Amino acid sequence: MAGNSQVFDFAHRIRRISVADTEVADIQVVNPYQINLIGHKEGFTTLAVWDNQGSYIQRQIRVDQFGKQQVLLNVIVAELNRGRMESQAINWDVAFPKWNFSLVGLGPGGAATPYTASSTLVAPTLLQNGATTTALGGSSGQLLGAGLLTPFLLSPTVNYGIAAGNNNIQTQSMFNFLESHNLAKILAQPHMLANSGEKAEFLSGGEIPIVVAQALNTSIVFKQYGTSVIFVPTVVGKDDIEMEVKPEVSQPDFANGVSMFGFTVPAFVTRRAQTFVRLKNEQTLIIAGLILHTKTSEVNKTPYLGDLPVLGNLFKHTSYNDTNTDLVMSVTPQIVQPLPSNGRIADPVDRGPINQQEIQTERLAQPDASRPRF
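(A) Just empty space enclosed by the protein, in detail. Following the criterion strictly, the structure yields 1 cavity of 30 Å³ or more and no others. If you trace the largest cavity, you find it lined by Val77, Pro247, Ile287, Leu290, Leu327, Val328 and Met329. Listing elements by their share of the lining of the largest cavity, those giving two or more residues are strand E23 (285-301) and strand E24 (316-336). Here the lining of the largest cavity gets 3 residues from one element, more than from any other, and that element is E24. Looking at side-chain class alone, the lining of the largest cavity contains 7 nonpolar, no polar and no charged residues.

(B) Region of the structure containing the side chain of Asp253. Residue position: Asp253 is located in strand E20 (residues 240-260). Discounting chain neighbours no more than four positions away, the residues touching Asp253 are Pro266, Ala267, Phe268 and Val269.

(C) Expanded view of the sheet that holds strand E1 (residues 5-9). Reading across from one edge, E1-E4-E3 is the order of the 3 strands in this open sheet, with antiparallel pairing throughout. Each edge of the sheet is formed by a strand with only one pairing partner; in this case those strands are E1 and strand E3 (25-31). The mean inter-strand angle of the sheet, taken between neighbouring strand axes irrespective of direction, is 25°. When E1 meets strand E4 (residues 34-39), the two strands line up antiparallel, connected through 5 bridges. Bridging across to E4, Val7 finds its partner in Asn36.

(D) Broad picture of the sheet that holds strand E5 (residues 43-51). One open sheet accounts for 3 strands, arranged E2-E5-E6; its pairing is antiparallel. Each edge of the sheet is formed by a strand with only one pairing partner; in this case those strands are strand E2 (14-19) and strand E6 (56-63). Across the sheet, the mean angle separating the axes of adjacent strands is 20° when strand polarity is ignored. Here E5 runs beside E6; their pairing, made up of 8 bridges, is antiparallel. By the bridge assignment for E6, Trp50 is matched with Tyr56.

(E) Local environment of the layout of surface pockets. If you add up the space inside the largest pocket, you get close to 1200 Å³. The wall of the largest pocket is formed by 36 residues, among which Phe8, Arg59, Gln60, Ile61 and Gly197 lie closest to the centre. With 7 residues, E6 is the single largest residue contributor to the lining of the largest pocket. Taken together, the residues of the lining of the largest pocket break down into 17 nonpolar, 11 polar and 8 charged.

(F) Just the environment of Thr45, in detail. Looking at the element boundaries, Thr45 is found in strand E5. A relative accessible area of 6% means that Thr45 is categorised as buried. With 16 residues separating them in the primary sequence, Thr45 and Ile61 have C-alpha atoms 5.2 Å apart. One polar contact links the side chain of Thr45 to the main-chain amide nitrogen of Asp21, over a distance of 2.9 Å.

(G) Region of interest: the pairing of E4. The buried fraction of E4 is high, at 5 of 6 residues. Across 6 bridges, the pairing between E3 and E4 is antiparallel. What sits directly across from Val29, in E4, is Ile35. Remark: 2 residues form the turn of the hairpin made by E3 and E4, two consecutive strands paired antiparallel.

(H) How the structure looks around the environment of Ala200. Take Ala200: it is sitting in strand E18 (residues 200-213). Accessibility expressed as a relative area gives 8% for Ala200, which makes it buried. Separated by 32 residues in the primary sequence, Ala200 and Val232 have C-alpha atoms spaced 6.3 Å apart. Apart from the residues within four sequence positions on either side, Ala200 is in contact with Leu73, Met192, Ala194, Val229, Ile230 and Phe231.

About the criteria used
Residues numbered from 1 in each chain as written. Predicted model: local features only at pLDDT ≥ 70, side-chain atom pairs only at ≥ 80, totals over all residues. Heavy atoms only, no water. 1 Å grid on protein atoms, 1.4 Å probe; cavity = no way out; pocket = protein on both sides within 12 Å on 5 of 7 lines; lining within 4 Å. Points joined across faces, edges and corners; volume = space filled by probe spheres on them. Helix = DSSP H or I, 4+ residues; strand = E, 2+ residues; numbered from the N terminus. Nonpolar A, V, L, I, M, F, W, Y, C, P; charged D, E, K, R; others polar. Contact = heavy atoms within 4.5 Å. Pairing = 2+ DSSP bridges. Axes fitted to C-alpha atoms, helices over the stretch in contact; angles between N-to-C directions. Buried < 20%, exposed > 50% of the residue type's maximum accessible area, 1.4 Å probe, protein only. Polar contact = N/O pair within 3.5 Å; in protein donor to acceptor, adjacent residues only side chain to side chain.

Written out as structure tokens, the structure reads:
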């Protein structure tokens, strides 16, 4: 602010200082590690400081008549999940009543739930030797007798079931064919207010305790994870904003962690970016392309039988998972203007009562894809 000063400290001894326009701002050297910056009149200038090691820093100085300006940051952090999952398995049961022979195939992780000692089965009506009979066994989770069709305990993942038969053969099969796709979701949508040139930081997540074991004692440190964004907006001129942006998304990964002294220290999957841009007031910056790609496949099968061509599908369960997530962030800085001298903040009680037209439901031109459907 014009007519004010601010003291700055430096880690190394100052060797030389330069100010582009001493009519806007000037400096006083307090000691070899400290300077006092004085603002004279409204305007812009540049300050450069060299240390005894030959390095230098350069900053723009803005002297404002009314002090520092404030910037409102409207941020949206979203994750676009373009992954998909596929799972397929077959469970089958075949009974040959005339030959008193039954065969059941319960693949791991399939469409039917394996029997246990506590499973309750309902005695079904079956064909045996061409006549209709009622099964008497299997009520304690055991397989039925020879030539009888064993009822399946269905799994919540079952998609289709087929039952067929004649006087010579009875069969039932349960199929599990699933495919799922994911959509985008908003991780955070903060609105932060920061002074020009000062840092604004946002974290949506948490802290996970990590045990650090040493020779004589054990301590606990906390590691942050989640969605974190750091902004440093600087107002330059009347309508320009220089902004430093540091978005980061991290999550603990216990699968790749390290076990030490009886404790598991997790690894962290992190996506981080850093950029420095210059925008006009209320322009939008979009950062994308922070892609995390994970592809896994898992096959559970019966040895040898699951390796047979075509028929091997009856003896195995295949799961395929392809996860492809893209982190997208948009930020719109807005210079906050002060109220005029005759201005007044709106009071919510100033308006009249709500009328019927204001609360009437209106049809949307384009329905929201994330809205739950009936």
